[in-house]
Amino acid sequence: MQSAIEIISAAVEHALGAPALLRPCADPQFGDYQANGVMAIAKQTKQNPRALAEKIATQLQLADVCEPPTVAGAGFINFKLRREFVAAQVTDAARDPRHGVPSASKLKIVVIDFSSPNVAKPMHVGHIRSTILGDCLARVLKFLGHRVVTDNHIGDWGTQFGMLIIGWKKHRDDAALQRDAITELERLYKFVNNQCELHPALREDVKAELVKLQQGDAENHAIWQQIIDLSKHEFDRTYARLGVSFDHTFGESFYNPMLAGVVADLRAHDIAIESDDAICIFVEGSKAPLIIQKADGAFLYGTTDLATLKYRLDKWHPDEIVYVTDARQQLHFKQVFAAAAKWLPKVPDLRHVWFGSILGEDGKPLKTRSGENVKLGELLDEAEERALAVVTEKNPDLPEQIRNTIARVVGIGAVKYADLSQNRTTDYVFSWAKMLAMNGNTAPYMQYAYVRVQSIFRKAGVATLDGPIALEHPTELDLAKHILRFTETLQAVADDDKPNWLTAYLYDLAGKFSAFYDNCPVIQSAEPTRSSRLQLCRLTADIMKRGLNLLGIETIEQM
Ligand code: ARG
C-alpha cells in the first residue's frame, strides 16, 4: 500500500524536479500535508516562489488522493486528503497484519550497543534509560524491516578487578554472595577501597593482583570469571523483568587480545602519536586527545571502543551503529568517531544516542534518602507494589493472582513509558504519582484505553468483520487519518532515535478514538455502519497494542 506521503511526494517531485519535503501541516485547518520544497528551487532558479508553487499545484494529478491543492505563505503547497481515499487506505490497513506499515524498501543493517552495565556493580537508574531506549529502537527498526544486531557492551574489564580480587580472596562472605551477589561484590569493592585509603601500602597488593590477572594467572582468572558469571546472572534477572534481550554480550574483555594490535596499527599509520608519554589521537573539534595507551602500558576505554568498532564492521558490515549512553559520554564518542574516520577506510553512520538524567523531586539526580544510587531492581519492585495498590483500589474483587499480573504489567509499563515519553535529551523528574496516573500521557492510561476498545468487541460479540470502512462523521475521518500516520511516526522514531514521537502518537490516537466513540454510536448502529465502525475500533486497538509492544510495553485484556 502506497501511503499518502509517498504518492504526494512523488507527484510533487516529478513536477518540481526536486524533493517535495512533505511535512504534516501544523494546523489541520490548512490541510493534512504541506510541501516545503518549492522555496529552495525558486531561489536557485530566481523565480517567484508563490508563482512557482501555483504553477506546480495546477500540474499535479492527485484528484484521487486529495482536494485541489492550495498555495499558502511564501510558497507552500497544502494538501487535504479526500475522504474516499482515506477510507480506502484505512480499509486496506484493517486487512493488513502490519496495519498498513510497509516493510522498508532499503534494508539496513544496524548494530545497537545499549544497556552496557558494569559488572560487580548494581544497575542503577542511569542504565534504565539506556536499556529501555535501546530496546525500543531495536524493536522499531526490526518492525520496519531492518536487520538489527543488539550487543550489550558490558564493562567486564578494568582496574576495579584488583580490588575485587583481593576482596574476594580475603573478605568474601559466601552466604551473602549466595543471597545477593552484586550487593556483596559491591561491598567487597568498597571495603577494599576504604582499606586502601587507610593503608596506602595496600595499593601495591591491589596492583599486583591486577597485573596477575592481566598476565593470565589461573587463579585470578577463575575469580574474575566467577564475578562476571554472578553479575550476568543478576543482570539477566532484571532483563527478564523488563522483557529485554540481546543477540550478543561480548563485553569489553572480549577485545583485550586485539588492543595491542589496534594501537600498533594506529601508530603505524601516524594516526596515534606519543604525547606526554601516552599514546594519543588528536581529532578536530576537541582540544583533549583520545588517549589509547597510558605511559604504564595500560589500554583505555577508547582503545576498546576502537577495537570493538573494527570488529563489528568486519563481522556484520553494518550501515549504522547506534550507541545509547548518557549525555556525559558525548565527548568520548565524538573522539572515537573522529578517530575511526581517520583510521578506517569506510565507516558506517555512527550515532551516539545520548540522554539526560533522571532527577528526584528536588531537581537533583535521583538518589535514595540515604544518598545512594537508586537500584534498578528496587525501583521495579516499588513500581509493581504501587501499581498493585492502584489496581486493588479500582478492582478490589479481582482474584489476587490476576491483580498481581496487572500490577506487574502496569508497574513496569509505567516506568518504561515515563522514560520513553520524554524527549531523551532533556532531564526529567521521576514522579510515581505522574507515571501511575490513569489520566494523561502515561502507560496506565494507554493500557486502559486499549482495554476499553477491546471491551467493545466483547459487548458486540462479533466474529468476522468485513466490508469497506466508511467515514461519515468528522471524528471518524479524523481518527482514520491519524491511523494512517502510524507509518510516518515510526519512520520519525527511527530517523531521530526518539521514541517520544511514538508515545505522543499513541496518546493522540487514544484522544481521537474517544472523540469518535463519544460522537459515533458503534454497537447500536445499523449495518453496514456497525461493521465499519467496529473495524475502526479493531484497527485502533491493534495499533495501540502494536505501538505499546514497540515501546516494550505489554497490554492486558482487563484492568
Ligand atoms: N559500560 C559503560 C558505562 O556504564 C557504557 C558502555 C557503552 N558502550 C560503549 N561501546 N562504550 O558507562
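Located above this text is the structure these notes cover.
To start, this report covers the structure provided alongside it. If you're wondering where the values come from, they're calculated on a predicted model, not measured in any experiment.

The subject of this paragraph is the overall build of the chain. Looking only at helices and strands, the chain has 21 helices and 13 strands in total. When the backbone C-alpha atoms are referred to their principal axes, the chain occupies close to 85 × 70 × 40 Å. Within the chain, buried positions represent 51% of all 559 residues. Contacts in the chain between residues at least 24 apart in sequence constitute 72% of all its contacts with a sequence separation of at least 6. A total accessible area of about 26200 Å² is found for the chain, and carbon and sulfur atoms account for 51% of it. Here the chain carries 63 positive and 70 negative side-chain charges, and the mean point of each set is 3 Å from the other.

So, on to the packing of helix 12 (residues 301-316) against helix 13 (residues 330-343). Two quantities define a packed helix pair, namely the angle between the axes and the distance from one axis to the other. Across the interface, helix 12 lies against helix 13 with an axial gap of 10 Å and an inter-helix angle of 50°. One element, helix 12, and the other, helix 13, form an angle in the oblique class. Classified by chirality, the crossing of helix 13 by helix 12 is right-handed. Judged by residue contacts, Tyr 301, Gly 302, Asp 305, Leu 306, Leu 309 and Lys 310 of helix 12 engage His 332, Phe 333, Val 336, Ala 339, Ala 340 and Trp 343 from helix 13.

Our focus in this paragraph is the sheet that holds strand 10 (residues 320-326). Taken in spatial order, the four strands of this open sheet run 6-5-10-11, and their pairing is parallel. In this open sheet, the two strands that pair with only one neighbour each are strand 6 (147-151) and strand 11 (349-355). Between one strand and the next, the sheet's axes are offset by a mean angle of 20°, whatever the strand orientation. Packed onto the sheet, helix 12 meets strand 5 (109-113), strand 6, strand 10 and strand 11 and runs at close to 145° relative to strand 10.

The next point concerns the nonpolar core. Among the nonpolar cores identified, the biggest contains 145 residues, and Leu 62, Phe 79, Ile 112, Leu 379, Leu 490, Leu 502 and Leu 551 are the most heavily contacted of them. When neighbours within four sequence positions are excluded, Leu 379 is seen to be in contact with Val 125, Ile 128, Val 374, Val 415, Phe 430 and Trp 432. In terms of nonpolar packing, the next biggest core, distinct from the first, is built from 31 residues, Tyr 255, Ala 307, Val 336 and Phe 337 among them.

Now for the site of the ligand. As a structural note, the neighbourhood of the ligand is formed by Asp 113, Ser 116, Asn 118, His 127, His 153, Tyr 301, Asp 305, Tyr 323, Thr 325, Gln 329 and Phe 333. Between the ligand and Asp 305 there is a distance of 2.8 Å, counted from a nitrogen atom to a side-chain nitrogen or oxygen. Surface burial for the ligand is 88%, taken as the share of its 350 Å² of free accessible area covered by protein chains. The set of elements that each furnish at least two residues to the shell around the ligand consists of helix 12 and strand 10. Its residues placed into classes, the shell around the ligand shows three nonpolar, six polar and two charged.

The subject of this paragraph is the pattern of salt bridges. Oppositely charged side chains can pair when the atoms bearing their charge come close. The full count for this structure, using the stated rule, is 30 salt bridges. Between Lys 190 and Glu 372 there is a salt bridge, with the nearest N and O atoms lying 3.8 Å from each other. Residue Lys 190 is located in helix 8 (residues 181-198), and its partner Glu 372 is located in the loop between strand 12 (358-359) and helix 14 (376-394); the two are separated by 182 residues in the primary sequence. Among the residues examined, Lys 190 registers a relative accessible area of 41% and is labelled partly exposed. Each member of the salt-bridge network shares a partner with another, and the members are Lys 108, Glu 320, Asp 349, Arg 351 and Asp 497.

Okay, the packing of helix 5 (residues 125-143) against helix 19 (residues 486-496) next. Across the interface, helix 5 lies against helix 19 with an axial gap of 10 Å and an inter-helix angle of 125°. Between helix 5 and helix 19, the interaxial angle falls into the category oblique. By crossing handedness, the relation of helix 5 to helix 19 is classed as left-handed. Contacts between helix 5 and helix 19 pair Leu 137, Val 140, Leu 141 and Phe 143 from the former with Leu 490, Val 493 and Ala 494 from the latter. A per-class count over the contact of helix 5 with helix 19 returns seven nonpolar, no polar and no charged.

Our focus in this paragraph is unusual backbone geometry. For the bond from Glu 527 to Pro 528, the omega torsion is 5°, close enough to zero to count as cis. Position of Pro 528 among the secondary structure elements: in the loop between helix 20 (500-519) and helix 21 (529-550). Within the chain, Lys 46 stands out as a residue other than glycine whose phi angle is a positive 55°. Judged by relative accessible area, Lys 46 falls into the exposed class, the value being 77%. At Asp 277, a residue that is not glycine, the phi angle is positive and equals roughly 70°.

Within a pair of aromatic rings, the relevant descriptors are the distance that separates the centres and the angle that separates the planes. Summed over all chains, the structure comprises 18 aromatic pairs. By way of ring pairs, the aromatic residues Phe 250, Phe 254, Tyr 255, Tyr 311 and Trp 316 are connected into one cluster. Above the face of the Tyr 448 ring, Lys 394 is positioned so that its terminal group lies 4.5 Å from the ring centre.

Pairing is antiparallel across the open sheet formed by four strands, whose spatial order is 1-2-4-3. Because the sheet does not close on itself, it has two edges, and the strands there are strand 1 (22-24) and strand 3 (70-72). On average, each strand axis in the sheet is tilted by 35° relative to the strand beside it, whichever way the strands run. By the bridge criterion, three bridges tie strand 1 to strand 2 (residues 33-35) in an arrangement that is antiparallel. The residue of strand 2 that forms the bridge with Pro 24 is Tyr 33. Of the strands in this sheet, strand 3 and strand 4 (76-79) are in contact with helix 3 (residues 49-59), which crosses strand 3 at around 165°.

Here the focus is the pairing of strand 8 (residues 278-281). Of the two faces of strand 8, the one lined by Ala 278 and Cys 280 and the one lined by Ile 279 and Ile 281 are each fully buried. Sheet topology places strand 7 (residues 273-275) next to strand 8; three bridges connect them, and they run antiparallel. Bridged to Ile 273 within strand 8 is Cys 280. In this sheet, strand 9 (residues 290-293) lies alongside strand 8 in antiparallel orientation, the contact comprising three bridges. The residue bridging Ile 279 from the neighbouring strand is Gln 293, located in strand 9.

As paired strands, strand 2 and strand 4 are joined by three bridges and run antiparallel to one another. From the neighbouring strand, Ala 35 faces strand 4, where its bridge partner is Ile 77. Note that strand 3 and strand 4 share three bridges and pair antiparallel. Residue pairing across strands places Ala 72 opposite Phe 76, the latter belonging to strand 4. Linking strand 3 to strand 4, which pair antiparallel, is a turn of three residues; within it Gly 73 sits at a positive phi near 55°.

Cut-offs used in this document
- Residues numbered from 1 in each chain as written.
- Predicted model: local features only at pLDDT ≥ 70, side-chain atom pairs only at ≥ 80, totals over all residues.
- Heavy atoms only, no water.
- Helix = DSSP H or I, 4+ residues; strand = E, 2+ residues; numbered from the N terminus.
- Buried < 20%, exposed > 50% of the residue type's maximum accessible area, 1.4 Å probe, protein only.
- Contact = heavy atoms within 4.5 Å.
- Areas by Shrake-Rupley, 256 points an atom, 1.4 Å probe, with all protein chains shown as cover.
- Lys, Arg positive; Asp, Glu negative; His and termini not counted.
- Charge placed at Lys NZ, Arg CZ, Asp CG, Glu CD.
- Axes fitted to C-alpha atoms, helices over the stretch in contact; angles between N-to-C directions.
- Parallel < 35°, antiparallel > 145°, perpendicular 65-115°, else oblique.
- Left-handed = near helix turned anticlockwise from the far one by under 90°.
- Pairing = 2+ DSSP bridges.
- Core = buried A, V, L, I, M, F, W, Y, C linked by side-chain atoms within 4.5 Å.
- Near = heavy atom within 4 Å.
- Polar contact = N/O pair within 3.5 Å; in protein donor to acceptor, adjacent residues only side chain to side chain.
- Nonpolar A, V, L, I, M, F, W, Y, C, P; charged D, E, K, R; others polar.
- Salt bridge = Lys/Arg side-chain N within 4 Å of Asp/Glu carboxyl O.
- Phe/Tyr/Trp six-rings, centres within 6.5 Å; stacked < 30°, edge-to-face > 60°.
- Lys NZ or Arg CZ within 6 Å of the ring centre and 35° of its normal.

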